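Chain by chain, the residues run as shown.
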Amino acid sequence: MRNFDLAPLYRATVGFDQIADMMDRVLTQEVTQPSYPPYNIEKTADDAWRISLAVAGFSTEDITIEQRQNALIIAARKAEGEDEKSKTYLHRGIATRAFERRFQLADHVKVTGASHVNGMLHIELQREVPEALKPRQIEITGPNTVTTQVIENAPETVEV
């Protein structure tokens, strides 16, 4: 097992402790990760991504996609119908076993759409940064600059 000392990261950064915690969580997870179903992650723009999963044998009704806070959960379960029970396979190479695949999403990344075409499930993701978090320009005032303050509900006339 690898053991990393993340103390230099904590000393050199402020507010990035979530990244260090995430790195620690990833390094302590088991080595065996589920490999079914296979998937691709594609960057489609600066703030947009597409996750594509190979879900051959599953219909749209068999698949559920859920976003909970910063986690994307994709699950599928093939409904066993009367047709499946009566079939006898000599070779069954197409896996239609149930699965659940989880992806950890960054802050402000939202699912904008999903499509199921030709056995591929495509999930579109977009980063939507709120206006309050976007960069803004701060005006610098000099020592000779006088700032005025607006007082709400102040009387119109002042007696001296």
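Further up the page is the structure itself.
The paragraphs below set out a description of the structure included in this document. (Residues numbered from 1 in each chain as written. Predicted model: local features only at pLDDT ≥ 70, side-chain atom pairs only at ≥ 80, totals over all residues. Heavy atoms only, no water.)

Taken in spatial order, the 4 strands make up an open sheet running 1-2-7-6, and their pairing is antiparallel. Of all the strands in the sheet, the pair left with one neighbour each is strand 1 (39–45) and strand 6 (109–117). With direction set aside, neighbouring strand axes in the sheet form an average angle of 20°. (Pairing = 2+ DSSP bridges. Helix = DSSP H or I, 4+ residues; strand = E, 2+ residues; numbered from the N terminus. Axes fitted to C-alpha atoms, helices over the stretch in contact; angles between N-to-C directions.)

Attention shifts here to the environment of Val111. Relative to the elements of secondary structure, Val111 occurs in strand 6. A C-alpha to C-alpha distance of 8.4 Å links Val111 and Leu72, two positions 39 residues apart in sequence. Aside from chain neighbours lying at most four places away, what touches Val111 is Gln67, Leu72, Ile123, Glu124 and Leu125. (Contact = heavy atoms within 4.5 Å.)

A word on the pairing of strand 4 (residues 71–76). By the criterion of burial, strand 4 is predominantly enclosed, with 6 of the 6 residues buried. Pairing analysis gives 6 bridges linking strand 3 (residues 63–68) to strand 4, with the strands arranged antiparallel. Directly across from Thr64, in strand 4, lies its bridge partner Ala75. Between strand 3 and strand 4, which follow one another and run antiparallel, lie 2 residues, and Gln69 among them has a positive phi close to 50°. Pairing geometry for strand 4 and strand 5 (residues 99–104), over 6 bridges, is antiparallel. Residue pairing across strands places Leu72 opposite Phe103, the latter belonging to strand 5. (Buried < 20%, exposed > 50% of the residue type's maximum accessible area, 1.4 Å probe, protein only.)

The values are spatial; any link to function lies outside them.
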